[in-house]
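Descriptive structure summary
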Amino acid sequence: MTSTLTPPDSSTEADRLPADLPPNAGRAATGIAIVLVAQLMFVLDATVVNVALPQIDTALGFGPASLSWVLNAFTLAFGGLLLLGGRLGDVFGRRRMFLAGLSVFAIASLLGGLAQTPEMLVLARAAQGAGAALAAPGVLALLMTSAPDEPARLRALALFGAVSSAGMSIGLLLGGAVTDLGSWRWTMFINVPIAVGVLVLAPRFVDETARRPGRFDVVGAVTATGGAVAIVWSLIGAPEHGWGSARTLLGLLSGVLLLVVLGVTERRVAHPLLRPALLRSRQRVGGLAVMALVFGGQLSMFFLAVQFIEHDLGFGPMASGLAFLPLTVGIFATSRVTPRIMAAVGPLPMIALGAVGLSASFAWLSTLDAGDSYVSGILGPMVLNGLSAGIAFMPITSTVLGGVEPEHAGAASGLLQTFQQLGGAVGLAVIVSVYAAGSVPGEFLPGAQAAFLTSATMAALAGVAGVAALARRRPAPVPA
């Protein structure tokens, strides 16, 4: 596709451009920006309705037990269908599936905003998750193919990490703003014009990727989707029903058995949904483990800290969203320098430093007491958390996607985001269980302190996993 941008004809403009600017750099930058806007929308949708849940409950009459499905329906569909979405992008073209998924997401957002019953809103949220799962695996692949050279790819990865890490806090900020200024329905409606804009601009600035011919792996699609859905569903309900309940244990067992069938199937079919070779790399497997642990621990920031800010400090929806602004700013500020740092030192020191910083931020939050204000108790840990997440996220992503053949980039991206979602589900389930075990009726802090320490442990384990995966092995001594 030829560029629709006209080159500058004035010498003044030309002189301001770098002499080594790659061809079509302006078009490539626009394409990267368009894809990142869609990624931000997918990520923030996991939390944008959080601060609006009381208003949703009042408007539609959810019961206490069923209100959580406004969040869980999105997570379940998104996490369960990511591998399938990645494979569909490899087979049919990533831009095509990106646009198809985005269309589903936009329509579901409109229907969710118009919902008049709890059932209609939950179904719309599930459809949003399905649309995001079809589109999201293609995001990383489209970023890589849109970037004209290696430095641009590193910058795109850093921005992807910043958007993905900060998206949840941006979701709280945006959700609080539109709920205070308008209605909870705008947490859904706001997606529609953004999605339409991306749908119009993406075909113009983002190139299609080559398709990977071959038969579609039906058994792999069913077992991968079924296994992921069963595991996420079981983990979502574990805090409510108990880790030892039949519902939790049977659900986890079913998910594991389906994934075992997937593993056996993928070794035998000619065109697997998930290439076993992707999991033969020690670095990639370690990177996936780091991603799951980091994302799982990070959810305590959005589940626990927001409760302290709203209930103990008395902040309203918009003020609660603004309270997370230091975290967001920290992530985006760090993302400006991470490509240069990684080029100089490599991914291992960055992952280790980021994990230490995240663990320290959660340990700091575990010292909260009833006399703390926002400045004395929350601001410092939040700034440290944002800076640390910004340092760690890009090298983790680079480690997982490094060395993947272009035709398998969609599957690798789907695998990365599946581990992110499963890590989030496991992390949140563990955090909620620890919080419930130590909680005192009517008090927030007793259970929260142990839960924050649990997040600190997850972040520390992420650092250990990163070192184990990326540390160079010493060569065996040569016999004399």
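Right, let's walk through the structure included here.

**Some thoughts on the overall build of the protein chain**
Each helix and strand counted, the protein chain has 20 helices and zero strands in total. Structurally, the protein chain occupies a C-alpha span of about 70 × 65 × 45 Å along its principal axes. Looking at the protein chain as a whole, 54% of its 480 residues are labelled buried. The long-range fraction of contacts in the protein chain, counting pairs at least 24 apart against all pairs at least 6 apart in sequence, stands at 83%. With an accessible surface of roughly 19,900 Å², the protein chain has 68% of that area assigned to carbon and sulfur atoms. Seen as two clouds, the 26 positive and the 23 negative side-chain charges of the protein chain have centres 13 Å apart.

**Observations concerning the environment of F419**
Positionally, F419 belongs in helix α19 (residues 409-438). The exposure class of F419 is partly exposed, given its relative accessible area of 30%. Separated by 130 residues in the primary sequence, F419 and A289 place their C-alpha atoms 7.6 Å from one another.

**Notes on the pattern of salt bridges**
Under the definition given, this model contains one salt bridge. In this structure, D45 and R125 form a salt bridge, with 2.8 Å as the shortest nitrogen-oxygen distance. Highlighted residues: D45 in the loop between α2 (25-44) and α3 (53-60) and R125 in helix α6 (residues 118-135), separated in sequence by 80 residues. R125 carries the same exposure label as D45, and that label is buried.

**Examining a nonpolar patch on the surface**
Residues I107, L110, L111, L114 and M120 make up a contiguous nonpolar surface patch of about 430 Å² in total accessible area. With three residues, the top contributor of residues to the nonpolar patch is helix α5 (residues 94-113). Within the element layout of this structure, L114 appears in the loop between α5 and α6.

**Digging into the packing of helix α18 (residues 374-401) against α19**
Taken N-terminus to C-terminus, the directions of α18 and α19 make an angle of 135°; their axes are 10 Å apart at the nearest point. Here α18 lies oblique to α19, going by the angle between them. Between α18 and α19 lies a crossing whose hand is right-handed. Side by side, α18 and α19 meet where F393, T397, V400 and L401 of the first sit next to A412, S413, L416 and Q420 of the second. In terms of residue class, the contact of α18 with α19 is made up of five nonpolar, three polar and no charged.

**Digging into the layout of surface pockets**
Reported here for the largest pocket is a volume of approximately 1,500 Å³. Every residue lining the largest pocket is counted, 44 residues in all, and those nearest its centre are L53, S68, L71, F303 and L428. If you list the elements that add at least two residues to the lining of the largest pocket, you get α2, α3, α4 (69-92), α11 (218-241), α13 (282-312) and α19. At nine residues, α19 tops the list of elements feeding residues into the lining of the largest pocket. Among the residues forming the lining of the largest pocket, the class breakdown is 27 nonpolar, 14 polar and three charged.

**A few points about the environment of P326**
For P326, the location among the structural elements is in helix α15 (residues 325-335). With 105 residues separating them along the chain, P326 and A221 place their C-alpha atoms 41 Å apart. Discounting chain neighbours no more than four positions away, the residues touching P326 are Y374, L379, M382 and V383.

**Section: helix α12 (residues 246-266)**
For α12, built from 21 residues, the straight-helix expectation of 30 Å at 1.5 Å per residue is met to within 8% by its first-to-last C-alpha distance of 30 Å. Buried residues of α12: T248, G251, G255, L262, T265 and E266, and no others. For α12, the arc enclosing every buried residue in end-on projection is 125°, short of the 170-degree limit, so these residues lie on one face. Pointing more than 90 degrees away from the buried face of α12 are the exposed residues A246 and L250. Contacts from the buried residues of α12 go to α11.

What counts, and where the lines are drawn
Residues numbered from 1 in each chain as written. Predicted model: local features only at pLDDT ≥ 70, side-chain atom pairs only at ≥ 80, totals over all residues. Heavy atoms only, no water. Helix = DSSP H or I, 4+ residues; strand = E, 2+ residues; numbered from the N terminus. Buried < 20%, exposed > 50% of the residue type's maximum accessible area, 1.4 Å probe, protein only. Contact = heavy atoms within 4.5 Å. Areas by Shrake-Rupley, 256 points an atom, 1.4 Å probe, with all protein chains shown as cover. Lys, Arg positive; Asp, Glu negative; His and termini not counted. Charge placed at Lys NZ, Arg CZ, Asp CG, Glu CD. Salt bridge = Lys/Arg side-chain N within 4 Å of Asp/Glu carboxyl O. Patch = residues over 30% accessible without salt bridge, like charges linked within 9 Å, V, L, I, M, F, W, Y side chains within 5 Å. Axes fitted to C-alpha atoms, helices over the stretch in contact; angles between N-to-C directions. Parallel < 35°, antiparallel > 145°, perpendicular 65-115°, else oblique. Left-handed = near helix turned anticlockwise from the far one by under 90°. Nonpolar A, V, L, I, M, F, W, Y, C, P; charged D, E, K, R; others polar. 1 Å grid on protein atoms, 1.4 Å probe; cavity = no way out; pocket = protein on both sides within 12 Å on 5 of 7 lines; lining within 4 Å. Points joined across faces, edges and corners; volume = space filled by probe spheres on them. Expected span 1.5 Å × (residues − 1). Arc of directions from axis to C-beta.

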